[in-house]
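Structural characterization, general
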Amino acid sequence: MLESKIPSGPIEKKWEKSRFDMKLVNPANRRKHTVIIVGSGLAGASAAASLGQQGYNVHCFCFQDSPRRAHSIAAQGGINAAKNYRNDGDSIHRLFYDTVKGGDFRAREANVYRLAQISVNIIDQCVAQGVPFAREYGGLLDTRSFGGVQVSRTFYARGQTGQQLLLGAYQALEEQIAAGGVKMHTRSEMLDLVVVNGKARGVVTRNLLTGAIESYAADVVVLATGGYGNVFYLSTNAKGCNTTAIWRAHRRGAYFGNPCFTQIHPTCIPVSNENQSKLTLMSESLRNDGRVWVPKKKGDTRPPTQIPEDERDYYLERRYPSFGNLVPRDVASRNAKEVCDEGRGVGPGGMGVYLDFAEAIRRMGEPLVREKYGNLFDMYEEITGENAYKVPMRIYPAVHYTMGGLWVDYQLMSTIPGLFVAGEANFSDHGANRLGASALMQGLADGYFILPYTIPNYIASNTLEKVDTSHPAFATVKEDVNKRIAKLIGIQGKRTVDSFHKELGKLVWENCGMARSAEGLRSNLAKIPALREEFWNNLRIIGTGEELNQSLEKAGRVADFLELGELMCLDALEREESCGGHFRVESQTPDGEALRNDAKFSFVSAWEWKGEGDQWELHQEPLTFEHVHLAQRSYK
């Protein structure tokens, strides 16, 4: 039975009660304990800085050459907080309500309420660090709207919010590195988790420059390694983003929660050719002032400026008059796919819709549009060669964020005692669909405000015997890692890593992306194991493991994607409902909207690895909704 450890009492008091009930560690004893944090993005850097400042010995690992390169830097649009500076009806309860509803009632209420409560502290923390949030003329912090809500609660720094927040966390981290509380390990990739007597006690890593396999012991391990959207090959994620850290922990006993819940972002630059290796996100904030449309006629290839107003279909405004262009991401994405499938898409291959700023420029003038979105327009022109001040942007949905990840309880601990998971790496507080501007909120809430309470509670509540890297468990795991590397290099087949990754990505996108069917998922569950079999028999890696070898790095990550991809399809097949962005064609309303099945599927899927060649075992965490009552979502 999964134990979520949700505290008793009124939802407004749960986190306060939980914090008071948690045990503390004497400041003099903290220096006796070591915490490993894998990942140095917003969740990892904030956790490392906070725990280092508390007095723990922290080892922080990242595979980049600097924490500044963490993918958190790519978040553009903003960060939500229930400050209600606009006096437009926002509150902690409304942020809680919007998040539960936006996630299509597949999130844990207690976690979401805590997230909404902590949101107000995050802004104060970041302002104190010097994060340059946008301000109104009078000096007050400015906010803007995002999809799925009717209030203006998103704080932003132009289109660079993730970068600025990461720099704030990085400064806090660097302070602790200089003070000796944190030791930073760059260019190090975690390849396995060490479990001793049932508890997470260390990691085995590979030095990406030298190939050296190294072991590190600790009392607690935190994984803050981001999401797994690159299983689709084409996504908005940086090419280095992967699932390896959480997947290797999954193979050691950590349950994987809701693997099929991935987010499709509606505002990305469309694919331009077959050789493209990643996609570029255009901030959802653009939907504040941009209007989405396609021609009313199929196959209309006229330039957009030559299509008159009465021949344009502003389909989001038409179908969802209450929210218009600010419907949630899953709704906007599915509608874009539908109009393109009808033959009304624009651009090469008809796989795009227009995001038009002509009306906004007429209304407030080009200088103000430049002030709000200038860097995004510059980026769009750099990539496409088109001036979006003169012609509409072209956008299309793409894989972005993953709501699935390692299952964690209320204290962010996985099913392996001592293994905590933060940010996008855990199965998250977002349910089946993340509202825009909530990723940064969750990462910083976990790192700054939750783990600094729950990790000391774990340390103070458990007897942690002295363990170092001389323990036999470290030698065993290190041997497993070396054998796996040797096996990958020794295949000496004919196909490249990227060819396997691209083939897997197409399978997962086509049959486990925006639209899924039982037939397509069953087809994938036959094809992916066959592709994995070929991978282990026909892969070719040039070079050795004792050097910088990016083909070897990618091979290890793709091997994990090939297993994860199968689990995603298994989870999607098991969930016979449409939910958030996860549209089962067999489950839809008469007007084509997602149709949930609350009687059968109001639970978190938590999958247990049973070993090579064995089927995963499904565990269920029931979800109850006492404060946001179950209802069919409507944004009309």
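The structure this text deals with has already been given above.
Note that the coordinates shown come from a computational prediction; the quantities given were computed from them, not determined experimentally.

**Some points on the sheet that holds strand S8 (residues 199-207)**
Taking strand neighbours across the sheet as the criterion, the 3 strands line up as S7-S8-S9 in an open arrangement whose pairing is antiparallel. Looking at the sheet topology across the chains shown, the edges are occupied by strand S7 (188-196) and strand S9 (213-217). Between one strand axis and the next, the sheet turns by 25° as a mean value, whatever way the strands run. Across 5 bridges, the pairing between S8 and S9 is antiparallel. Note on S9: the bridge partner recorded for Val-204 is Ser-215.

**Some details on the environment of Leu-567**
Relative to the assigned elements, Leu-567 resides in helix H16 (residues 550-574). Note on Leu-567: relative accessible area 0%, which makes it buried. Between the C-alpha atom of Leu-567 and that of Thr-161, which follows or precedes it by 406 residues, the distance is 33 Å. Beyond its immediate sequence surroundings of up to four residues, Leu-567 is in contact with Trp-247, His-250, Phe-256, Pro-259, Trp-607 and Trp-616.

**Considerations on the pairing of strand S1 (residues 34-38)**
Where burial is concerned, most of S1 is hidden: 5 out of the 5 residues are buried. Alternating positions in S1 separate into two faces, Thr-34, Ile-36 and Val-38 on one and Val-35 and Ile-37 on the other, with burial throughout. Relative to strand S2 (residues 57-61), S1 runs parallel, the two sharing 5 bridges. Bridge assignment links Val-35 to a residue of S2, and that residue is Val-58. The parallel pair S1 and S2 is bridged by helix H3 (residues 42-54), and the resulting crossover is right-handed. Of the pairings in the sheet, the one linking S1 to strand S10 (residues 220-223) comprises 4 bridges and is parallel in character. Bridge assignment links Ile-36 to a residue of S10, and that residue is Val-221.

**So, the nonpolar core**
Membership of the largest hydrophobic core comes to 184 residues, with the highest contact counts inside it found for Ile-79, Leu-223, Leu-419 and Phe-535. For this core, the element with the highest residue contribution is H16, accounting for 13 residues. Leave out the neighbours within four places in its chain, and Phe-535 touches Leu-488, Ile-491, Phe-500, Ala-555, Val-558, Ala-559 and Leu-562. Counting 5 residues, the second largest nonpolar core, distinct from the first, contains Trp-293, Tyr-314, Val-346 and Tyr-354.

**Structural notes on the packing of aromatic side chains**
Per the stated rule, a full pass over the model turns up 24 aromatic pairs. Plain terms: the ring middles of Tyr-85 and Phe-155 are 5.7 Å apart, the flat faces sit at 85° to each other, and that makes the pair edge-to-face. Placement of Tyr-85 in the loop between strand S3 (79-80) and helix H4 (92-102) and of Phe-155 in strand S5 (residues 154-155) is noted, with a sequence separation of 70 residues between them. Each ring, one from Tyr-228 and one from Phe-256, has its centre 5.6 Å from the other, and the planes form 65°; the classification is edge-to-face. Here the residue Tyr-228 occupies a position in the loop between S10 and helix H7 (244-251), and Phe-256 occupies one in strand S11 (residues 256-257), the gap between them amounting to 28 residues. Joined through ring pairs, the aromatic side chains of Tyr-228, Trp-247, Phe-256, Trp-609 and Trp-616 make up one cluster. The positively charged end of Arg-19 is found above the aromatic ring belonging to Tyr-453, 5.5 Å away from the centroid. Stacked on the ring of Tyr-314, the Lys or Arg Arg-291 has its end atom at 3.9 Å from the ring centre.

Rules behind the numbers
Residues numbered from 1 in each chain as written. Predicted model: local features only at pLDDT ≥ 70, side-chain atom pairs only at ≥ 80, totals over all residues. Heavy atoms only, no water. Pairing = 2+ DSSP bridges. Helix = DSSP H or I, 4+ residues; strand = E, 2+ residues; numbered from the N terminus. Axes fitted to C-alpha atoms, helices over the stretch in contact; angles between N-to-C directions. Buried < 20%, exposed > 50% of the residue type's maximum accessible area, 1.4 Å probe, protein only. Contact = heavy atoms within 4.5 Å. Right-handed = clockwise from strand over helix to strand, strands pointing away. Core = buried A, V, L, I, M, F, W, Y, C linked by side-chain atoms within 4.5 Å. Phe/Tyr/Trp six-rings, centres within 6.5 Å; stacked < 30°, edge-to-face > 60°. Lys NZ or Arg CZ within 6 Å of the ring centre and 35° of its normal.

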